Amino acid sequence: MDFWMIARQELKHDLLDIFSALGDLQYQYDWVITDHDLWYAENCPEEVRRRWQWTGLLMDGTELTAHLSAGYVHFILGGVLSAVPKGTQPSEVWNYEPYWEIENFGSPEYCFQTPLTQLELICYDGYAWVLICKPNFSKQVKKGLPMAKTPEEFYSQH
């Protein structure tokens, strides 16, 4: 796995900027969203709040974009978004325990949350986004997000 870190202050529109820079990435997958710590806007509809109250929720890119673009939800300190193939059924992702093990972060033994996961975006302690991907996707990350750094580069600069 390749690990890329992006300081949130470098992103005007936070997660939406990452998606846009990577070719509207959010629409290419469905998303399993776990371990999220959110802030809800005052005008956030109750049905949106209820939708986000569970961990391990499955959401398509259109719905995710709508909630982020409207400003209804904002990741505060944490959250893991696991990209899975479009059309993934809830029963396919509910067969695992959604848990992100911080001990393995950055290690060669790191495993995605599900066997279906193609890449993960992690809101890391509120100040950075971490993108974890297979090596063949790294070229696209470096091109679309030139401010992305490996963890070693990131920590030496922050």
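Here is what the cut-offs are and how they apply
The residue numbering used here restarts from 1 in each chain and proceeds along that chain's sequence as written. The model is predicted, so local features are restricted to residues of pLDDT at least 70 and side-chain atom pairs to those at 80 or more, both for listing and for counting; the totals for chains, interfaces and linings are taken over all residues. Calculated side-chain values reflect all of the structure's heavy atoms, with hydrogen atoms and water omitted. Only protein chains enter the accessibility calculation, which uses a 1.4 Å probe. A residue is then buried if its area is under 20% of the maximum for its type, exposed if over 50%, and partly exposed in between. Only DSSP runs of H or I reaching four residues or more are called helices, and only runs of E reaching two or more are called strands; each is numbered from the N terminus. At least two DSSP bridges between two strands are needed for those strands to be called paired. In the sections that follow, a salt bridge refers to a side-chain nitrogen of Lys or Arg positioned within 4 Å of a carboxyl oxygen of Asp or Glu. Residue types Ala, Val, Leu, Ile, Met, Phe, Trp, Tyr and Cys, when buried and joined through side-chain atoms within 4.5 Å, form a set referred to as a nonpolar core. Residue contacts follow a heavy-atom distance rule, with two residues in contact if any of their heavy atoms lie within 4.5 Å. Between N-to-C directions, angles span 0 to 180 degrees; the directions come from axes that are lines fitted to C-alpha atoms, helices contributing only their stretch in contact.

S.K.: For this particular structure, what's the right way to read the pairing of strand 1 (residues 2–7)?
M.R.: Along any regular strand, the residues point their side chains to alternate faces of the sheet. With respect to burial, strand 1 is a largely interior element, five of its six residues being buried. As defined by bridge partners, strand 1 adjoins strand 6 (residues 128–133) across six bridges and the pair is classed as antiparallel. Note that in strand 6 the partner of A7 across the bridge is A128.

S.K.: Looking at this structure, I do not really get the pattern of salt bridges. What am I missing?
M.R.: Pairing between side chains of opposite charge can happen when their charged atoms approach one another. Scanning the model with the defined rule gives two salt bridges in all. Across the salt bridge formed by D14 and R8, the nearest N and O atoms sit 2.7 Å from each other. The exposure classification of D14 matches that of R8, with both residues buried. One salt bridge connects E63 with R51, and the closest N-O pair in it is separated by 2.9 Å. Taken together, the residues span a long stretch of sequence, with E63 in helix 3 (residues 61–69) and R51 in helix 2 (residues 46–52) at a distance of 12 residues.

S.K.: I tried to follow the nonpolar core on my own but got confused; where do I start?
M.R.: Generally speaking, nonpolar side chains in soluble globular proteins are found buried as a group. Ranked by size, the top nonpolar core spans 33 residues in total, and within it I18, W31, W52 and F75 carry the most contacts. In terms of residues, this core owes the most to one element, strand 4 (residues 73–84), which gives four residues. With residues near it in sequence (within four places) discarded, I18 still touches I6, L11, L121, W129, L131 and L145. Core analysis: the next-biggest nonpolar cluster, separate from the first, contains 12 residues, M5, Y110, V130 and F154 among them.

S.K.: Could you clarify how one ought to interpret the sheet that holds strand 3 (residues 57–60) in this entry?
M.R.: In a beta sheet, neighbouring strands pair by backbone hydrogen bonds and run either parallel or antiparallel. Spatial strand order, 1-6-5-4-2-3: six strands in an open sheet with antiparallel pairing. A single partner strand is all that each edge strand has here, and the edge strands are strand 1 and strand 3. Neighbouring strand axes in the sheet, compared pairwise and without regard to direction, differ in orientation by 25 degrees on average. For strand 2 (residues 30–40) and strand 3, the ladder comprises four bridges, and the chain directions are antiparallel. Looking across to strand 3, one finds that I33 is bridged to L57. Sitting on the sheet, helix 3 touches strand 2, strand 3 and strand 4, and the angle it makes with strand 3 is about 90 degrees.

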